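Geometric and topological summary
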Amino acid sequence: MKTCAKNVLKKFNYTRRDYLIPVLQEVQQTDGYISMDAIKEIAKHFKISSSKVYGVATFYNQFRFEPKGKYHVMVCRGTACHVKGSLSCLNMVEEILKIKAGKTTKDGLFSIETVACMGACGLAPVVNINGEFYASMTPDKLKKLIDDIKKKESKNGKE
């Protein structure tokens with residue numbers, strides 16, 4: 001089995017349901033996301049249905065159900081960023097990558113996530129790619145940034 005859920009569950013040998021969220025958090029931290037196999041293992045451990053585990057996990061936006069891309073694009077949707085145009089940045093990046101927020105491109109190169117606030121309101125709108133902040137972002141600047149990453153990756157593939 002690809003997931004490390006079994007290893008995580010060994011640490012949580014309790015079957016009390018109040019351990020469900022910490023287990024989900026640790027599985028995601030270990031695997032990078034929560035797979036359907038992990039959900040099944042967790043459900044079996046807690047003696048509840050997979051749909052209950054999935055229901056809890058989907059209630060909280062901290063959990064993701066597919067791996068992050070090599071380049072994880074986080075678009076801030078906080079108030080300051082929204083007022084300064086982050087929605088147009090989000091729309092543009094979804095359009096050029098042909099995926100919606102919360103998804104990963106088929107090649108695994110990019111994933112998109114929206115976040116409520118990055119705490120960089122004075123730099124709004126802000127985009128974060130793999131931990132690097134980009135301030136005063138516009139759709140055109142973001143498109144160029146994504147295009148540059150794609151060019152870099154295509155060069156790396158040819159070498």
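Above this text sits the structure in question.
Now for a look at the structure at hand. None of these values were measured; they are calculated from a predicted model. (Residues numbered from 1 in each chain as written. Predicted model: local features only at pLDDT ≥ 70, side-chain atom pairs only at ≥ 80, totals over all residues. Heavy atoms only, no water.)

Here's the deal with the packing of helix α2 (residues 20-31) against helix α4 (residues 50-59)
At a minimum axis separation of 11 Å, α2 and α4 run at an interaxial angle of 75°. Here α2 lies roughly perpendicular to α4, going by the angle between them. Along its contact with α2, which presents L20, I21 and L24, the element α4 presents V53, V56 and A57. Its residues assigned to classes, the contact of α2 with α4 shows six nonpolar, no polar and no charged. (Axes fitted to C-alpha atoms, helices over the stretch in contact; angles between N-to-C directions. Helix = DSSP H or I, 4+ residues; strand = E, 2+ residues; numbered from the N terminus. Parallel < 35°, antiparallel > 145°, perpendicular 65-115°, else oblique. Contact = heavy atoms within 4.5 Å. Nonpolar A, V, L, I, M, F, W, Y, C, P; charged D, E, K, R; others polar.)

As for the environment of M74
Tracing the chain through its elements places M74 in strand β1 (residues 71-76). In this structure, the C-alpha to C-alpha distance between M74 and L97, residues 23 residues apart in sequence, is 13 Å. With residues near it in sequence (within four places) discarded, M74 still touches E113, V115, M118, V126, V127 and N128.

A look at the side chain of S111
For S111, the location among the structural elements is in strand β2 (residues 110-115). Relative accessible area serves as the criterion here: at 2%, S111 is assigned to the buried category. One polar contact links the side chain of S111 to the main-chain amide nitrogen of G69, over a distance of 2.9 Å. Those residues in contact with S111 that sit more than four places away from it in its chain are K68, G69, Y71, H72, V73, I99, K103 and T104. (Buried < 20%, exposed > 50% of the residue type's maximum accessible area, 1.4 Å probe, protein only. Polar contact = N/O pair within 3.5 Å; in protein donor to acceptor, adjacent residues only side chain to side chain.)

Remember that the coordinates give geometry; whether it matters functionally is a separate question.
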